[in-house]
Amino acid sequence: MVEAGEPAFRGRQLAEALYRQWVTGLEEITTLSKSLRQRLAADGWQVGRPTIAQVFQSVDGTERYLVECGGAEGLTVETVWMPEGDEGETGDGSEAEGSRSRATICVSSQVGCAVNCQFCLTAKLGLQRNLSAGEIAGQVVSVLERHGVEVGRERVNLVFMGMGEPFLNYDNFMAAVRLLVEEVGLSPQRMTVSTSGIVPGIERFAQEPAEVRPKLAISLNAPNDEVRSEVMPINKKWPIEAVMAAARKVKLRPRERVTFEYVLLGGVTDREEQAREVGRLVRRTGLAAKVNLIAWNPGPGIGYAMPEAGAVERFRTALGAEGVPVYVRRPRGRDIFAACGQLKRTVGRAGNSGQ
Ligand code: SAH
Ligand code: SF4
């Protein structure tokens, strides 16, 4: 607004309109005079947010959205609504009692991803571009509006686990978190950001004030550097010990824990002795931590296998016996390619979509 020649307080009015009232266009902002709105429009200013262009509905209630970011390239990202969460954000059921709602929104931070994890479909896209802070926060607002969520009354969890690596788009990601906390009114303690282990990003994250710092999840996915480098080549740049050292710099809140995500790849990372190795590794870090197990979700053109029947449970038991809290994440929206690592603008089966 200052750039448009207006006093700064008009910027507050704009933020209020976009992030509290969820307006979708300049003409709806009645706190600005009609003549001002007309002048801004005539000068070429636009106000809006990413729009939900397509909806895929799963039998389990999950919805996957193709969200248009605007801009000439016509790029879309994916955002996912899980009405009952996926048990990954709390993992221990501690918040399950007496809550009105436990929905979780999975948010994208980039179009595609540059990290190249071998088991992940998003990696196949490569990095198309970073999302702006408005595009990241706007995904959330669009989904809140679609479901008529009353912020402050209903509990909503956010997981930054959609497309992209948030810590390779750090400034925009954190600016989006501040918009979501300070303008939309969501709590950072109900937000979890997941990283593949970008050490400089984790170190910056450790400096963020608690009022705007989400919880941290690290995609561990392997019991040691050898296996991790194979499935996540980024590990050659930032090996496990470097990632753990950075994670130890985050000053956890009381009762807060770092989550280690662990994708079980059949025959590659799902063996019982590997579970014990993960247990020793996690204990050695000295971090207050828990492990979320995710059975690998298949995707076209990826040469891994799902864990065999019983393997997830055996892994969970063996890891638990090491004294590490461990939870199994239920896959959500697998039938519409909405589950972890399946986000790649895959258009669902005919008849499966529609607004
Ligand atoms: N880029 C970030 C966040 C997005 S990926 C990261 O890697 O942490 C979110 C989670 O999905 C990660 O823990 C990742 O290991 C997991 N994942 C990726 N592909 C998967 C697949 N095919 N099946 C199950 N989980 C997968
Ligand atoms: Fe990127 Fe995360 Fe997929 Fe790895 S798992 S390629 S970091 S989105």
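Quick notes on the rules
Residues numbered from 1 in each chain as written. Chains lettered and ligands numbered in written order. Predicted model: local features only at pLDDT ≥ 70, side-chain atom pairs only at ≥ 80, totals over all residues. Heavy atoms only, no water. Near = heavy atom within 4 Å. 1 Å grid on protein atoms, 1.4 Å probe; cavity = no way out; pocket = protein on both sides within 12 Å on 5 of 7 lines; lining within 4 Å. Sits in = over half its atoms within 2 Å of the grid points. Nonpolar A, V, L, I, M, F, W, Y, C, P; charged D, E, K, R; others polar. Helix = DSSP H or I, 4+ residues; strand = E, 2+ residues; numbered from the N terminus. Buried < 20%, exposed > 50% of the residue type's maximum accessible area, 1.4 Å probe, protein only. Contact = heavy atoms within 4.5 Å. Points joined across faces, edges and corners; volume = space filled by probe spheres on them. Domains from an automatic or database assignment. Buried area = accessible area lost by both parts, 1.4 Å probe. Salt bridge = Lys/Arg side-chain N within 4 Å of Asp/Glu carboxyl O. Polar contact = N/O pair within 3.5 Å; in protein donor to acceptor, adjacent residues only side chain to side chain. Pairing = 2+ DSSP bridges. Axes fitted to C-alpha atoms, helices over the stretch in contact; angles between N-to-C directions. Areas by Shrake-Rupley, 256 points an atom, 1.4 Å probe, with all protein chains shown as cover. pLDDT = per-residue confidence, 0-100. Parallel < 35°, antiparallel > 145°, perpendicular 65-115°, else oblique.

Colleague: Let's hear about the site of ligand 2: which residues, and what values?
Modeller: Taken together, C113, V115, N116, C117, C120, A123, G164, E165 and S196 make up the full set of residues adjacent to ligand 2. Given that more than half its atoms are within 2 Å of the pocket grid, ligand 2 belongs to the largest cavity. In terms of residue class, the shell around ligand 2 is built from five nonpolar, three polar and one charged.

Colleague: Which residues make up the environment of L264, and what values do they have?
Modeller: For L264, the location among the structural elements is in strand β10 (residues 258-264). Assessed through its relative accessible area of 0%, L264 is described here as buried. L264 sits 225 residues away from R39 along the chain, and the two C-alpha atoms are 56 Å apart. Not counting chain neighbours up to four residues away, the residues in contact with L264 comprise T269, D270, L293, I294, A295, W296, P307, V312 and F315.

Colleague: Pulling in residues and values, what's your account of the layout of surface pockets?
Modeller: Roughly 260 Å³ of volume is contained in the second largest pocket. The wall of the second largest pocket is formed by 14 residues, among which M1, L14, L18, Q46 and V47 lie closest to the centre. Here the lining of the second largest pocket takes five residues from helix α1 (residues 9-19), the largest share from any one element. Across the lining of the second largest pocket, the residue classes tally to eleven nonpolar, three polar and no charged.

Colleague: How would you summarise the domain arrangement of the protein chain if you had to cite specific residues and measurements?
Modeller: The domains assigned to the protein chain are domain 1 (1-48) and domain 2 (49-336). Summarising the inter-unit geometry, the C-alpha centres of domain 1 and domain 2 are found 34 Å apart. In this complex, domain 1 contributes nine residues to the contact, which on the side of domain 2 involves 13 residues. In this assembly, domain 1 packs against domain 2 so that about 950 Å² is buried in total across both faces, 57% of it on carbon and sulfur atoms. Together, Y19, R20 and W22 form the three largest contributors to the area buried by domain 1 at its contact with domain 2, with a combined 72%. Along the contact surface separating domain 1 from domain 2 lie one salt bridge. With a closest N to O distance of 2.9 Å, R12 and E183 form a salt bridge. For the pair domain 1 and domain 2, the interface holds three residue pairs in polar contact (both at pLDDT 80 or more).

Colleague: Can you break down the sheet that holds strand β11 (residues 289-295) residue by residue, with the values?
Modeller: Here we have ten strands laid out as an open sheet, ordered β1-β2-β3-β4-β7-β8-β9-β10-β11-β12, and mixed in their pairing. At either end of the open sheet lies a strand with only one pairing partner, and these are β1 (51-57) and β12 (326-328). Strand-to-strand twist of the sheet, defined as the mean angle between neighbouring strand axes without regard to direction, takes the value 25 degrees. Of the strand pairs in this sheet, strand β4 (residues 103-106) and strand β7 (residues 156-160) are connected by four bridges, and their pairing is parallel. Directly across from I105, in β7, lies its bridge partner L158. Helix-sheet contacts for helix α9 (residues 311-321) involve β10, β11 and β12, and the interaxial angle to β11 is about 170 degrees.

Colleague: Describe the environment of A210, naming the residues involved and giving the relevant values.
Modeller: Among the structural elements, A210 can be located in the loop between α5 (199-206) and β9 (215-219). With a relative accessible area of 39%, A210 lands in the partly exposed category. Residues A210 and K251, 41 residues apart in the sequence, show an inter-C-alpha distance of 8.5 Å.

Colleague: Go over the site of ligand 1, please, and point to the residues and values.
Modeller: Among the 19 residues in the neighbourhood of ligand 1, the closest are listed as G164, S194, S219, N221 and N297. Look at ligand 1: alone it shows 530 Å² of surface, and the protein chains cover 95% of it. Applying the majority rule of atoms within 2 Å of the grid points places ligand 1 in the largest cavity. In terms of residue class, the shell around ligand 1 is made up of eight nonpolar, nine polar and two charged.

Colleague: Mind laying out the confidence of the model for the protein chain, listing which residues take part and the relevant values?
Modeller: Model confidence for the protein chain is summarised by a mean pLDDT of 90, while 92% of its residues fall at 70 or above. Within the model, the stretch residues 91-100 combines pLDDT values under 50 with ten contacts to residues more than four positions away or in other chains. Here residues 348-355 is a poorly scored stretch, pLDDT under 50, and it has 15 contacts once near neighbours within four places are set aside; other chains count.

Colleague: Explain the packing of α5 against helix α7 (residues 240-247) residue by residue, including any values.
Modeller: The geometry of α5 relative to α7 is characterised by a closest axis approach of 8 Å and an angle of 10 degrees between their N-to-C directions. Taken together, the axes of α5 and α7 lie roughly parallel to each other. Along the contact surface, α5 presents V199, I202 and E203, while α7 presents A242, V243, A246 and A247.

Colleague: Pulling in residues and values, what's your account of the pairing of β1?
Modeller: A regular strand places its side chains so that they alternate between the two faces of the sheet. Pairing analysis gives six bridges linking β1 to strand β2 (residues 63-68), with the strands arranged antiparallel. In the strand pairing of β2, V55 is matched with Y65. Joining the antiparallel neighbours β1 and β2 is a turn of five residues, in which G61 adopts a positive phi near 95 degrees.

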